[in-house]
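# Close look at the chain arrangement
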Amino acid sequence: MQTLPPDVVEVVPQYRGYSFFVVRDEIVIVEPSTHRIVTVLPRSGSAAAAPSPSQSRVSFSDRDREVVRKHVRSAPSPRRTVGSSSSSIRVEIHKGERLPDSVDIEEFPETVYREAPSLREYRYLQRDDRTYLIEPRERRVIEEIE
């Protein structure tokens, strides 16, 4: 792995100091302290093709979504939360946006992680009849499941 070159950091400055490696036609960006893949960029990409962390290529299978539907809606509360529970203000939720720190996000029940291990790094928020998948470090909404 190598440190991202300045020309890439110019396009995606949020990855300054991150490492990368190349696989086929893709640049894999890695957080150096955890060695976690944070995004994958097209090798021939341009500034328009470079996603932000909240838009990075994250894909969930239909099975992942079904596991969430099955276990989240039937799970007893309370679950372990990440955030502050002091706010009673109702915040609108939109895919790609950052949730305020005042909004609680929850860890999935362990059954979700067993059946869909790819979800382990994500958290969620249940609101009405929708479940929102959240990237917890940036608190970005990355998927809405009805």
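Nothing here was measured: the structure is a model prediction, and the numbers come from that model. (Residues numbered from 1 in each chain as written. Predicted model: local features only at pLDDT ≥ 70, side-chain atom pairs only at ≥ 80, totals over all residues. Heavy atoms only, no water.)

Next up on the list: the overall build of the protein chain. In terms of helices and strands, the protein chain carries three helices and nine strands. Reading the secondary structure of the protein chain in the N-to-C direction produces β-α-β-β-β-α-β-β-α-β-β-β. Here the protein chain, with 146 residues, has 40% of them falling under the buried criterion. Sequence-distant contacts in the protein chain: of pairs separated by 6 or more residues, those separated by 24 or more amount to 43%. Counting every atom, the protein chain has about 8800 Å² of accessible surface; 48% of that belongs to carbon and sulfur. (Helix = DSSP H or I, 4+ residues; strand = E, 2+ residues; numbered from the N terminus. Buried < 20%, exposed > 50% of the residue type's maximum accessible area, 1.4 Å probe, protein only. Contact = heavy atoms within 4.5 Å. Areas by Shrake-Rupley, 256 points an atom, 1.4 Å probe, with all protein chains shown as cover.)

Now for the confidence of the model for the protein chain. Low-pLDDT portions of the prediction should not be read for the details of their coordinates. Chain-level statistics for the protein chain give a pLDDT mean of 76 and a share of 75% at 70 or above. The low-confidence segment residues 46–56 (pLDDT under 50) makes 23 contacts with residues lying over four places distant or belonging to another chain. Here residues 78–82 scores under 50 on pLDDT; set against residues more than four positions off or in separate chains, the count is 15 contacts. (pLDDT = per-residue confidence, 0-100.)

So, about the nonpolar core. Within the largest apolar cluster, 14 residues are counted, with the highest numbers of intra-cluster contacts made by Phe60, Val68, Phe108, Leu119, Tyr122 and Leu133. When contributions to this core are tallied by element, the ones reaching two or more residues are α2 (62–72), α3 (110–115) and β9 (140–145). Considering each element in turn, this core owes the most residues, three residues, to α2. With near-sequence residues (within four places) excluded, Leu133 lies in contact with Phe60, Phe108, Leu119, Arg123, Arg140, Val141, Ile142, Glu143 and Ile145. Listed in part, the eleven residues of the second largest apolar core include Leu4, Val8, Tyr18 and Ile29. (Core = buried A, V, L, I, M, F, W, Y, C linked by side-chain atoms within 4.5 Å.)

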